[in-house]
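Descriptive structure summary
So the chains spell out like this:
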Amino acid sequence: MSTPTRVLFVCLGNICRSPLAEGVFRHQVEAAGLSHRFQVDSAGTSSYHAGEAPDPGSVRVARQHGVDISGQRSRQFVRQDLERFDVIVAMDRSNHRNILRLVEDIETVRGRLWLMRNFEEEVDGSGLDEDVPDPWGGGPRGFETVYEIVERSCANLLRHLTGAA
Ligand code: 4NP
C-alpha cells in the first residue's frame, strides 16, 4: 500500500483559518472514503496561541456544517514541517512569506507550497482575492466567509491530489 499524502494547512495563529481547513479537508477525505490515503494537520507561523483550542468562531461555524474541530490544538510551524509534509497550504500571502523564510533552497518546495486560494474557482465572476481573510476578533460573518472559501478550496485541492480534477 502506498504511503499517505501528508497535507499541512498553515495560518498565523493556528486558531481560526488553518484549523478550519484541517477539519474541513479531513471531513471531505472521510466522506470520499479516502482516509487511508491522507494525513492532515495544521500549524501557525506564530506561537501566539500554541496549545490552545480553535477560536470559538471557527468551532461554531464548523459545527454548523457538521465538522467537529474542538479537539484540535494550536502548534507553531517548524522547519522540519518542510520535510515532513508533501503539500503545504498557506492561508494568505503573509503566511506564505513566513514559511519561505525557513526555506533554504526554493527548489525543495517547488510544487509543494501553495496558497489556499490557488485552488478556488470563481463563483460569481467577481474575481478572486489571493488571501483567505483573517476573521480573528471579528463577528460570525467573517467566520462563515472563511468557511465557504475553505470548503470550495479544499474540495478542489482534494480533486487535484486524487487526480480527479
Ligand atoms: P488565524 O487568525 O491566523 O487564522 O489563526 C489569527 C489568530 C490570532 C492572531 C492573528 C490571526 N493573533 O494576532 O493573535
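Residues numbered from 1 in each chain as written. Predicted model: local features only at pLDDT ≥ 70, side-chain atom pairs only at ≥ 80, totals over all residues. Heavy atoms only, no water.

Let's shift gears to the pairing of strand β3 (residues 87-90). Here β3 shows a buried face lined by V87 and V89 and a second buried face lined by I88 and A90. Where strand β1 (residues 5-11) meets β3, four bridges bridge the pair, whose relative direction is parallel. Across the sheet, L8 pairs through a bridge with I88, a residue of β3. Between the parallel pair β3 and strand β4 (residues 113-115), the chain is carried across by helix α4 (residues 93-100), and the sense of this crossover is right-handed. (Buried < 20%, exposed > 50% of the residue type's maximum accessible area, 1.4 Å probe, protein only. Helix = DSSP H or I, 4+ residues; strand = E, 2+ residues; numbered from the N terminus. Pairing = 2+ DSSP bridges. Right-handed = clockwise from strand over helix to strand, strands pointing away.)

The next thing to look at is the environment of F143. Mapped onto the elements of the fold, F143 is located in helix α5 (residues 140-162). Its relative accessible area of 4% is what places F143 among the buried residues. When residues no more than four places from it in sequence are discounted, the contact partners of F143 are C16, L20, D55, G57, S58, V61, P135 and G138. (Contact = heavy atoms within 4.5 Å.)

A complete count under the given rule lists 12 salt bridges for this structure. In this structure, the salt-bridge partner of R75 is D81, at a minimum N-O distance of 2.9 Å. Owing to a relative accessible area of 0%, D81 belongs among the buried residues under this scheme. Residues R93 and E130 are paired through a salt bridge, measuring 3.1 Å at the closest nitrogen-oxygen approach. One end of the pair, R93, is in helix α4; the other, E130, is in the loop between β4 and α5, with 37 residues separating them in the sequence. The exposure class assigned to E130 is partly exposed, which follows from its relative accessible area of 41%. Each of D41, R75, D81 and R84 takes part in salt bridges that share partners, so that together they form one network. (Salt bridge = Lys/Arg side-chain N within 4 Å of Asp/Glu carboxyl O.)

On to α5. Between its first and last C-alpha, α5 extends 33 Å over 23 residues, near the 33 Å set by a 1.5 Å rise per residue. Listed as buried for α5 are F143, V146, Y147, I149, V150, S153, C154, N156, L157 and L158. Looking at the buried residues of α5, the elements they touch are β1, α1 (17-31), β2 (38-44), α2 (56-64) and β3. Of the residues flanking the end of α5, it is G163, one or two places downstream, whose phi is positive at about 75°. (Expected span 1.5 Å × (residues − 1).)

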